Amino acid sequence: MSGAALAVMVMADVAYAQDVADQGASGSDDAIVVTAQRRAQSKQDVGIAIAAYGGDELREMNVTSSIDVARLTPGVHVSGNVGGQMSQFTIRGVTQNDFNDAVEAPVAVYVDDSYIPNMQGQTFGLFDLERVEVLKGPQGTLFGRNATGGLVHYVVAKPSDKLEAKFDGTYGRFNQVKLEGMVNLPLGEKVSLRVSGLFDRYDPYWKNTYPAGAAGGVPINLGGVTNPCCQNESNDNTLAGRIQLQFKPTEDLTIRLVGAASRQHLSTGPYTQAATVAVVDSSGRVINSIYASPTETRTAIDQNGNNYTAFSGAPASRLPGADWFGFVAPDPKKLELSKDFGVSDLNRTETWNAALHIDYDMGGVSLVSVSNYMKFKKNFAMDVDASPTNLVNYGTLGDTDVFSQELRLSGSGNGLEWTTGLYYLNVKAKSSNGFLAPAYSIFSSIFGATTTGIDLVNSFALKTESASVFGQAEYEFAPEFKLIVGGRLIREHQEYSFVSNAMSDNDPLRIDANSTVLFPLQPSFNHRRTDTLWAGKAQLEYHPSRDLLVYFGINRGVKGGSYNAKLPDGTPPLTAGQIPYLPEEILSYEGGFKATFLDGKGTFNAAAFYYDYSNYQAFTFANVSGYVQNRKARTYGAEFELTLRPVQGLQLAAAGSFFNARVKNVEVAPGVTRDVRPAFAPETQLSGRISYTPPVSVAGGSLTFGGDASYTSGFYHNLRNFDANWLPSYTLFNARIGWEDDSERFRLSFFVNNLTDKRYKTVGYDLSTLCGCTEESYGRPRWWGITAGFTLN
């Protein structure tokens with residue numbers, strides 16, 4: 001089949017979706033052409049649960065960060081650490097919230113067809129995008145890296161043969177200044193250049209009221225605090241850019257070279273805290289934790305409800321409603337916190353990326369090659385106890401190099417669509433993380449380093465090499481019926497080394513990997529292994545008309561194993577057998593339908609699923625550290641998505657996700673096992689959107705009114721499912737109004753996100769046995785802004 005014939009087929013496949021879009025307003029996500037199956041298709045023709053959003057649509061809804069996509073997509077949520085500065089996606093309760101930098105997530109994230117293997121890389125500013133696709137359920141037979149939870153793909157806008165430029169500038173609350181722009185330049189008939197960039201900064205919005213809340217207004221330290229002290233937190237300064245050079249020597253061959261870089265300057269992790277109380281059984285094992293009431297004076301609670309003080313460093317009692325050191329946190333509704341270790345400009349990330357994309361139509365068979373190199377660097381720190389007490393801080397230093405190569409062939413003919421390919425991934429991750437005990441901190445005194453300080457640091461390196469062959473075929477074996485089968489065979493090799501040492505405190509604000517080693521804290525560990533893994537898919541589709549697709553499939557997903565790096569928190573170290581953990585495997589059963597009605601003015605999609613897990617990688621946080629256990633798990637649930645365009649200019653959308661997930665026999669305390677809910681997995685999520693452009697001219701242009709709302713049910717931030725690990729449900733509302741002139745060159749908009757200024761918790765870590773507290777972070781407060789932009793073409 002020639003390239004021209006293939007193009008005609010693709011256009012025929014998506015023509016109906018374009019008719020739908022033409023009958024309504026642009027930006028309708030059901031009319032977006034997606035490449036979830038590695039070819040251009042209408043979303044309504046793909047038998048996968050997909051959410052898709054166009055670049056202009058995201059800009060109009062003020063979606064500025066990679067993780068903002070979760071608020072629009074029921075069934076998708078985010079976990080996080082360092083006060084939410086690092087986040088990763090969860091889909092249908094499939095999550096892995098280990099803060100170890102070497103751990104890959106079960107939800108794969110791609111930018112421009114390139115896989116991001118670490119959590120640091122999943123949080124970034126959005127600019128110059130063509131669309132975003134969210135695929136739910138195991139992915140392994142088509143995309144580069146196998147994933148058990150799903151994937152999120154950010155598809156960048158590519159160079160074209162047109163001279164055009166676009167610029168948008170925003171001023172918002174907390175002195176936000178955001179500038180986004182792109183220029184596309186044809187450099188002759190066969191070469192084009194596209195340059196795009198983003199600058200986004202805002203002031204801290206959490207006010208540090210140190211030493212407010214300390215007992216008697218006097219914070220506890222042993223003679224001083226770390227300088228700089230007590231600054232405001234939760235600010236951002238992001239700079240990012242992308243350069244693309246595209247060469248089309250023939251109509252059948254496209255070569256695209258990409259270079260990109262970004263950096264972030266952030267405050268220390270913006271946590272506040274709440275006083276919590278550990279509950280122990282008759283053996284002294286922590287089996288629950290609760291929030292301290294305003295009159296609570298018990299250090300912890302024993303099996304009879306009496307005061308329990310047997311924890312190391314625990315006081316005889318606590319002041320009413322306070323943590324162990326007498327601190328009561330300020331009211332978060334005032335956007336106030338109080339801590340000694342707060343620095344407005346300390347945390348850093350850097351990302352570098354170079355890629356070569358080749359697309360070649362060889363006449364009936366298409367070849368795609370994606371070669372990519374990425375480098376990630378980060379240096380973060382935060383106050384562990386989130387209080388004025390000079391107790392201990394946490395730091396993490398990461399350096400990851402990634403190379404990937406994907407080769408993919410695809411073709412079609414005689415009712416058969418097929419794709420096959422090879423994928424190679426090489427990840428070299430080095431990280432140091434642990435406790436910073438600066439001079440005059442309580443932790444430094446424990447080690448006899450009161451005046452000098454000391455760092456308690458794990459350093460580890462993980463090299464992962466993965467090679468796989470994959471393929472998928474779709475065959476229309478009878479009119480209206482299609483069979484899809486696919487598979488992936490993976491060979492994965494890992495080499496891991498781990499050391500844990502007390503080190504000199506060369507820098508009280510950060511971890512310094514070159515500090516002097518003083519003495520070991522935990523046994524060193526070295527290990528290597530090679531695993532053979534596989535994933536597969538079988539699906540049946542029934543397509544009686546262009547308006548209805550019914551599908552049912554069985555999908556086997558797999559995610560490679562990794563290694564624990566438990567922090568030196570004073571509890572016994574892991575045994576050699578507990579450090580490596582196994583690959584997780586999921587067997588997914590899913591059925592659904594996609595319906596288009598009202599002559600293309602409406603769509604209704606629904607799906608139901610059941611997940612059966614083997615060796616689910618369950619991360620459990622206890623004391624001041626955590627580790628992964630392999631356990632059985634299961635999930636079942638259903639989702640729906642409705643869109644309507646009843647009249648010209650009006651778009652309505654509603655979606656919902658409902659599931660029940662359990663991880664079996666998780667060890668929540670030594671010898672105590674329970675069936676628990678996954679962390680960061682709200683079982684109910686709802687969303688709704690409206691956009692209306694009245695058919696009247698205003699100042700030579702048109703006005704568009706829009707709004708969206710989302711509901712997230714309560715969820716646990718810790719797999720132990722203790723009472724104090726529960727984060728309450730919340731509902732958020734966003735509103736916007738925009739104007740665009742009739743030539744579509746100039747635009748002006750005003751937005752308000754979190755319209756009701758809701759305070760909602762997003763991340764937590766239970767430290768009830770360290771400080772009688774739990775550190776907690778919150779989502780963004782009410783945020784308003786005004787944006788002006790223009791397009792030249």
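Residues numbered from 1 in each chain as written. Predicted model: local features only at pLDDT ≥ 70, side-chain atom pairs only at ≥ 80, totals over all residues. Heavy atoms only, no water.

Asker: Break down the environment of Gly188 for me, citing the residues and quoting the values.
Answerer: Looking at where Gly188 falls in the secondary structure, it is placed in the loop between β11 (176-186) and β12 (191-202). According to the relative accessible area criterion, Gly188 is exposed, its value standing at 52%. Residues Gly188 and Ser524, spaced 336 residues apart in sequence, show a C-alpha to C-alpha distance of 59 Å. (Helix = DSSP H or I, 4+ residues; strand = E, 2+ residues; numbered from the N terminus. Buried < 20%, exposed > 50% of the residue type's maximum accessible area, 1.4 Å probe, protein only.)

Asker: Break down the nonpolar core for me, with residues and values.
Answerer: Of all hydrophobic cores here, the largest spans 68 residues; its most connected members are Phe99, Phe311, Leu391, Val663 and Leu767. Residue contributions to this core peak at seven residues, all from strand β30 (residues 602-622). Not counting the four nearest positions on each side in its chain, Leu767 is found in contact with Val384, Phe621, Asn623, Val624, Gly772, Cys773, Thr774 and Glu775. Core analysis: the next-biggest nonpolar cluster, separate from the first, contains 43 residues, Leu58, Val69, Phe89 and Leu151 among them. (Core = buried A, V, L, I, M, F, W, Y, C linked by side-chain atoms within 4.5 Å. Contact = heavy atoms within 4.5 Å.)

Asker: Can you break down the layout of surface pockets residue by residue, with the values?
Answerer: Left-over empty space is what a probe sized like a water molecule reveals as it rolls over the atoms. By volume, the second largest pocket is sized at about 1200 Å³. Lining the second largest pocket are 41 residues, with Asp569, Gly570, Thr571, Pro572 and Asn623 positioned closest to its centre. The set of elements that each furnish at least two residues to the lining of the second largest pocket consists of α4 (442-446), β25 (517-545), β30, β31 (625-644) and β32 (650-669). In terms of residue class, the lining of the second largest pocket is built from 24 nonpolar, twelve polar and five charged. (1 Å grid on protein atoms, 1.4 Å probe; cavity = no way out; pocket = protein on both sides within 12 Å on 5 of 7 lines; lining within 4 Å. Points joined across faces, edges and corners; volume = space filled by probe spheres on them. Nonpolar A, V, L, I, M, F, W, Y, C, P; charged D, E, K, R; others polar.)

Asker: Go over the sheet that holds strand β8 (residues 129-136), please, and point to the residues and values.
Answerer: Taken together, five strands build an open sheet; the order of strands is β3-β8-β9-β6-β7 and the sheet is mixed. Only two strands of the sheet have a single partner each, and these edge strands are β3 (50-54) and β7 (114-116). For this sheet, the mean inter-axis angle between neighbouring strands, taken without regard to orientation, is 20°. Relative to β7, strand β6 (residues 107-111) runs antiparallel, the two sharing three bridges. Considered in β7, the bridge of Val111 is made with Ser114. (Pairing = 2+ DSSP bridges. Axes fitted to C-alpha atoms, helices over the stretch in contact; angles between N-to-C directions.)

Asker: An account of empty space enclosed by the protein is needed here, citing residue identities and associated values.
Answerer: Summed over the entire model, instances satisfying the criterion amount to ten cavities of 30 Å³ or more. Approximately 480 Å³ is the volume found for the second largest cavity. Along the wall of the second largest cavity there are 29 residues; nearest its centre are Val111, Phe124, Ala260, Ser262 and Thr351. Counting residues per element, the ones that place at least two in the lining of the second largest cavity are β7, β9 (150-156), β14 (236-250), β15 (253-266), β19 (347-361) and β20 (365-383). Take the lining of the second largest cavity: its biggest share by element is five residues, from β15.

Asker: Which residues make up the state of the cysteines, and what values do they have?
Answerer: Using the criterion set out here, one finds two disulfides in the structure. Here Cys771 pairs with Cys773 through a disulfide, and the sulfurs are 1.9 Å apart. A torsion of -55° about the S-S bond marks the disulfide between Cys771 and Cys773 as left-handed. The residues Cys771 and Cys773 share a single accessibility class, namely buried. When the cysteines of the protein that form disulfides are numbered from the N-terminus onward, they connect as 1-2, 3-4. (Disulfide = S-S within 2.5 Å.)

Asker: So what about the sheet that holds strand β40 (residues 761-767)? Which residues, and what values?
Answerer: Pairing is antiparallel across the open sheet formed by four strands, whose spatial order is β17-β16-β41-β40. Lying at the two open borders of the sheet, with one neighbouring strand each, are β17 (286-291) and β40. Neighbour-to-neighbour, the strand axes of this sheet turn through a mean angle of 30°, independent of strand direction. The sheet contact formed by strand β16 (residues 272-280) and strand β41 (residues 773-778) spans four bridges and is antiparallel. Within the sheet, the bridge partner assigned to Thr272 lies in β41 and is Glu776.

Asker: Lay out unusual backbone geometry with the relevant residues and their values.
Answerer: Each neighbour pair has its own omega, and for Tyr210 with Pro211 the value is 5°, a cis peptide bond. Tracing the sequence through the fold places Pro211 in the loop between β13 (207-208) and β14. A cis amide bond, omega 0°, links Asn227 with the succeeding residue Pro228. Within the secondary structure layout, Pro228 lies in the loop between β13 and β14.

Asker: Got a sec to walk through the packing of aromatic side chains? Specific residues and values, please.
Answerer: The description of two aromatic rings rests on the distance between their centres and on the angle between their planes. Under the criterion given, the structure shown has 35 aromatic pairs. With centroids separated by 4.8 Å and ring planes inclined at 25°, the aromatic side chains of Phe481 and Tyr542 adopt a geometry described as stacked. With a gap of 61 residues between them, Phe481 in strand β24 (residues 481-504) and Tyr542 in strand β25 connect regions that are remote in the sequence. Looking at Phe481, the relative accessible area reads 30%, which means it is partly exposed. An aromatic cluster is built from Phe99, Tyr271, Tyr394, Phe619, Phe621 and Tyr765, whose rings are joined through pairwise contacts. Over the aromatic face of Phe609 sits the side chain of Arg92, whose NZ or CZ is 4.0 Å from the ring centroid. The ring of Phe380 has Lys378 lying over it, and the distance from NZ or CZ to the ring centre is 5.3 Å. (Phe/Tyr/Trp six-rings, centres within 6.5 Å; stacked < 30°, edge-to-face > 60°. Lys NZ or Arg CZ within 6 Å of the ring centre and 35° of its normal.)

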